[in-house]
Amino acid sequence: MEHRLHLYMGEGKGKTTAAMGLALRALGHGQRVLVAQFLKDGSSGELRALEQLSGAKVWQGPPVEKLIFCMTAEEKAAARAMQTEQACRLADEAARTVPQLTVLDELALAVTLDMVDEAAARRLIAAALAVGEVAVTGRYAPAWLREAADYVSVMVAEKHPFDTEGLPAREGVEW
């Protein structure tokens, strides 16, 4: 069976939610799932929930605790090295554990912002696709990733309480 690459991108809410929904669906069918996040601090509720489910492996990579545009050049270089190393280690993990679905949350944005080396990202996606489906998320995605994807879903923000009311992200809803 040929495995497919799913890409959830765009400026609207729901990219991570869609990928985690795909993970939940796969787990409901008894499949093994590997989930990793890039450019995040590891505190999202979906990770805590997935860790409790049989068949789910949540990869705890190095957290990124500062927004990229707030980082110094040295902090960016260190974060890039850590995120790229995570991609390399995840490629080995996918080959070793053979998940039927690998979710790479925010990898598209990490590559676009040059926080993950493109070659490492390509290697990771190829390794994960060799054993199962792959879902990649990120607000922006490089052209090569959009071309490679079998499914491309673009989330469009039409209305959001942050824009209309200044409502900050809420636990259990946005994270």
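Residues numbered from 1 in each chain as written. Predicted model: local features only at pLDDT ≥ 70, side-chain atom pairs only at ≥ 80, totals over all residues. Heavy atoms only, no water.

## Description of the pattern of salt bridges
Then, in step 1: For the structure on display, the rule yields 12 salt bridges.
Then, in step 2: Put simply, Glu106 and Lys40 hold a salt bridge, and the shortest N to O gap is 3.9 Å. With Glu106 in the loop between β4 (101-105) and α4 (107-112) and Lys40 in the loop between β2 (33-37) and α2 (45-51), this residue pair connects regions lying 66 residues apart in the sequence.
Then, in step 3: A relative accessible area of 13% places Glu106 in the buried class.
Then, in step 4: One salt bridge in this structure joins Glu93 and Arg96, with 3.0 Å as the shortest N-O distance. Taken together, the residues Glu93 and Arg96, both in helix α3 (residues 73-97) and three residues apart, mark about one turn of the helix. (Salt bridge = Lys/Arg side-chain N within 4 Å of Asp/Glu carboxyl O. Helix = DSSP H or I, 4+ residues; strand = E, 2+ residues; numbered from the N terminus. Buried < 20%, exposed > 50% of the residue type's maximum accessible area, 1.4 Å probe, protein only.)

## Considering α3
Three- or four-residue spacings in an α-helix give side chains the same orientation, since the helix completes a turn every 3.6 residues.
Then, in step 1: Taking 1.5 Å per residue, 25 residues should reach 36 Å; α3 reaches 36 Å between its end C-alpha atoms and fits that length.
Then, in step 2: Among all positions of α3, only Ala79, Gln83, Thr84, Gln86, Ala87, Leu90, Ala91, Glu93 and Ala94 are buried.
Then, in step 3: As for α3, its buried residues are in contact with β2, β3 (56-59), β4 and α5 (118-129).
Then, in step 4: The positive-phi residue at the C-terminal boundary of α3 is Val98, with phi of around 50 degrees. (Expected span 1.5 Å × (residues − 1). Contact = heavy atoms within 4.5 Å.)

## Some points on the sheet that holds strand β1 (residues 5-10)
Then, in step 1: On the basis of which strands lie adjacent, the open sheet formed by six strands has the order β3-β2-β4-β5-β1-β6 and parallel pairing. Lying at the two open borders of the sheet, with one neighbouring strand each, are β3 and β6 (151-155). Put simply, the sheet's adjacent strands are angled 15 degrees from each other on average, direction ignored.
Then, in step 2: Sheet analysis places β1 next to strand β5 (residues 133-138), joined by five bridges and oriented parallel. Of the residues in β5, the one forming a bridge with Met9 is Gly138. (Pairing = 2+ DSSP bridges. Axes fitted to C-alpha atoms, helices over the stretch in contact; angles between N-to-C directions.)

## Considerations on the packing of aromatic side chains
Then, in step 1: Scanning the entire structure with this criterion turns up zero aromatic pairs.
Then, in step 2: The ring of Trp144 carries Arg122 above its face, with NZ or CZ at 4.1 Å from the centroid. (Phe/Tyr/Trp six-rings, centres within 6.5 Å; stacked < 30°, edge-to-face > 60°. Lys NZ or Arg CZ within 6 Å of the ring centre and 35° of its normal.)

## Here's the deal with the pairing of β4
In the case of a regular strand, side chains alternate between the two sheet surfaces.
Then, in step 1: Most of β4 sits inside the fold, with five of its five residues counted as buried.
Then, in step 2: The alternating pattern of β4 places Leu101, Val103 and Asp105 and Thr102 and Leu104 on opposite faces, both of which are buried.
Then, in step 3: Judged from the five bridges that link them, β2 and β4 form a sheet pairing that is parallel. Paired with Leu34 across the bridge in β4 is Thr102.
Then, in step 4: Of the pairings in the sheet, the one linking β4 to β5 comprises four bridges and is parallel in character. By the bridge assignment, Leu101 is partnered in β5 with Glu133.

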